[in-house]
Amino acid sequence: MDLNLQGQQVTEQSFDYTVSFGTSGGFELRIENDYTLRTSHGVLRFSPEPSNADSDDLQSLAEQVISKASIENDGTLIVRFASGSELRAHPSRIYEAWTVAGPGGMKVVCMPGGELATWKANKT
């Protein structure tokens, strides 16, 4: 499933016991499970926690442009950046792993096991 975020820029980052990114188009991507980031330095593995704010590789995503954001059939969220970096958030067997929320109430939540709960944007 394509999330249609291509061309949007990361405008906000937050690191607590989740990692979240805000975009120029009013979307928020929130990851609450283990995730990976592939960069020119290799593949880095993270668990959502405040210390991730110390990662130069994660910090480098600030102000980057998203080239594609999609969801695979197993519930894996993939966000590719124009720089070539790729973030992957995998589903959890027992927790909601990630959420993408957008304007008008649009929301996709990765439920336990990778099943997706989706809400379409309200038409005005």
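Residues numbered from 1 in each chain as written. Predicted model: local features only at pLDDT ≥ 70, side-chain atom pairs only at ≥ 80, totals over all residues. Heavy atoms only, no water.

Draft legend 1. A look at the overall build of the protein. From N to C terminus, the protein includes one helix and eleven strands. Relative to the globule expectation of 14 Å for 124 residues, the C-alpha radius of gyration of the protein, 14 Å, shows essentially globular dimensions. Counting only C-alpha atoms, the protein reaches 40 × 30 × 25 Å along its principal axes. For the protein, with 124 residues in total, the buried portion stands at 44%. Contacts in the protein between residues far apart in sequence, at least 24 positions, make up 41% of those at least 6 positions apart. Of the roughly 6,700 Å² that the protein leaves accessible, carbon and sulfur atoms contribute 46%. (Helix = DSSP H or I, 4+ residues; strand = E, 2+ residues; numbered from the N terminus. Rg over C-alpha atoms; globule rule 2.2 N^0.38 Å. Buried < 20%, exposed > 50% of the residue type's maximum accessible area, 1.4 Å probe, protein only. Contact = heavy atoms within 4.5 Å. Areas by Shrake-Rupley, 256 points an atom, 1.4 Å probe, with all protein chains shown as cover.)

Draft legend 2. Representation of the environment of E63. As for its position among the elements, E63 is in the loop between α1 (56–59) and β6 (66–71). Along the backbone, E63 and F15 are 48 residues apart, and their C-alpha atoms lie at a distance of 16 Å.

Draft legend 3. Fine view of the pairing of strand β10 (residues 107–110). Where strand β9 (residues 98–101) meets β10, three bridges bridge the pair, whose relative direction is antiparallel. Residue T99 lies in a different strand from β10, and its bridge partner there is V109. Hairpin geometry of β9 and β10 is characterised by an intervening segment of five residues between the two adjacent antiparallel strands and by a positive phi of about 70 degrees at G104. Pairing analysis gives four bridges linking β10 to strand β11 (residues 116–119), with the strands arranged antiparallel. (Pairing = 2+ DSSP bridges.)

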